[in-house]
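# Inside the fold
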Amino acid sequence: MSDVIVRLSDVVKTYVMGDNEVHALQGISFEIEQGEFLSIMGPSGSGKSTCMNMIGCLDRPTSGIVEINGKRTSEMSEKELAILRNKTVGFVFQQYHLIPGMNVLENVMLPLKYQRVEMAKRKTLAEEALKAVGLEERMHHRPHELSGGQKQRVAIARSMITKPKILLADEPTGALDSVTGKQVMELFRTINHEEGTTIIIVTHDPGIGASTERCIRILDGKIVEEKAD
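Residues numbered from 1 in each chain as written. Predicted model: local features only at pLDDT ≥ 70, side-chain atom pairs only at ≥ 80, totals over all residues. Heavy atoms only, no water.

Here we take up the overall build of the protein. Of the regular secondary structure elements, the protein holds 7 helices and 10 strands. The C-alpha atoms of the protein give 18 Å as radius of gyration, which agrees with the globular expectation for 229 residues (17 Å, within 12%). The principal-axis extent of the C-alpha atoms belonging to the protein is close to 50 × 45 × 40 Å. On the protein, roughly 11500 Å² of surface is accessible, and the fraction owed to carbon and sulfur atoms is 48%. (Helix = DSSP H or I, 4+ residues; strand = E, 2+ residues; numbered from the N terminus. Rg over C-alpha atoms; globule rule 2.2 N^0.38 Å. Areas by Shrake-Rupley, 256 points an atom, 1.4 Å probe, with all protein chains shown as cover.)

What follows covers the side chain of Gln150. Summarising the element assignment, Gln150 is placed in helix H5 (residues 148–160). Since its relative accessible area comes to 14%, Gln150 is described here as buried. A polar contact is formed between the side chain of Gln150 and the backbone nitrogen of Ser147, at a distance of 2.9 Å. Residues within four places of Gln150 in sequence aside, it is in contact with Leu135, Arg138 and Glu145. (Buried < 20%, exposed > 50% of the residue type's maximum accessible area, 1.4 Å probe, protein only. Polar contact = N/O pair within 3.5 Å; in protein donor to acceptor, adjacent residues only side chain to side chain. Contact = heavy atoms within 4.5 Å.)

Considering all chains together, one arrives at 1 aromatic pair under this definition. Summarising the aromatic geometry, the rings of Phe91 and Phe93 are spaced 5.9 Å apart at their centres and angled 0 degrees between planes, so their arrangement reads as stacked. (Phe/Tyr/Trp six-rings, centres within 6.5 Å; stacked < 30°, edge-to-face > 60°.)

An order of E6-E7-E8-E3-E9-E10 is seen for the 6 strands of this open sheet, with the pairing classed as mixed. Of all the strands in the sheet, just strand E6 (89–93) and strand E10 (222–228) have a single pairing partner and so form its edges. The sheet shows a mean angle of 15 degrees between the axes of neighbouring strands, direction not considered. When strand E3 (residues 37–41) meets strand E8 (residues 198–203), the two strands line up parallel, connected through 5 bridges. Residue pairing in the sheet places Phe37 in a bridge with Ile199 of E8. Contacting E3, E6, strand E7 (166–170) and E8, helix H6 (residues 178–195) crosses the sheet at an angle of about 155 degrees to E8. (Pairing = 2+ DSSP bridges. Axes fitted to C-alpha atoms, helices over the stretch in contact; angles between N-to-C directions.)

Right, let's get into helix H3 (residues 104–114). Taken across its 11 residues, H3 has 8 buried, putting it largely inside the fold. Buried within H3 are the following residues: Val104, Leu105, Asn107, Val108, Met109, Leu110, Pro111 and Leu112. The N-cap of H3, judged by a side-chain oxygen 3.1 Å from the amide nitrogen of Leu105 a few residues on, is Asn103. Taken from the residues just after H3, Arg116 is the one with a positive phi, measuring 60 degrees.

Here it is, written out as structure tokens:
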């Protein structure tokens, strides 16, 4: 029997903005199995970012059920959500979010500091993560000394160091040229195949959507199409 790591059942998310209500998600349902490589695609304002926030345990549904790794997020405290997020989900963002005052190695080590892993082990694991993304020779450089593609690989190494079950990437190629973007997508594919990590790419780019094994297309807070290879 397959393991479902993400389950959304009739999820509604409504934001109140002054006198107006914004219906970001309108009854979305889907499941993601452990080890899938898929994309959630849609234009700006489609609800894909809200959907990402649900999967990443950054927000709760107005109604409906969100289950991450078998746990229903609406029933969890903020502390429990933070623990689930820290242990289960790795995040990669379009703008990298590297800390300028830290070198590459220190940036990658940072998530383990929050998990109170001792320093020597943090350093060893960070070095291994950087070697895996081909940046072992850049570990003592600062972010401003790296190219866009190198920064994104550092961000991916940082997201993987806690061995998350889910890697959630928000427009990860949006700030990259097409060649570098393809290299980053190949790195995601390698991580998926070799580590068994569930990779979820949130994107507006149809080319990225077509390059994943499954694509869920969202428009106006609803699923309008779902394709699988």
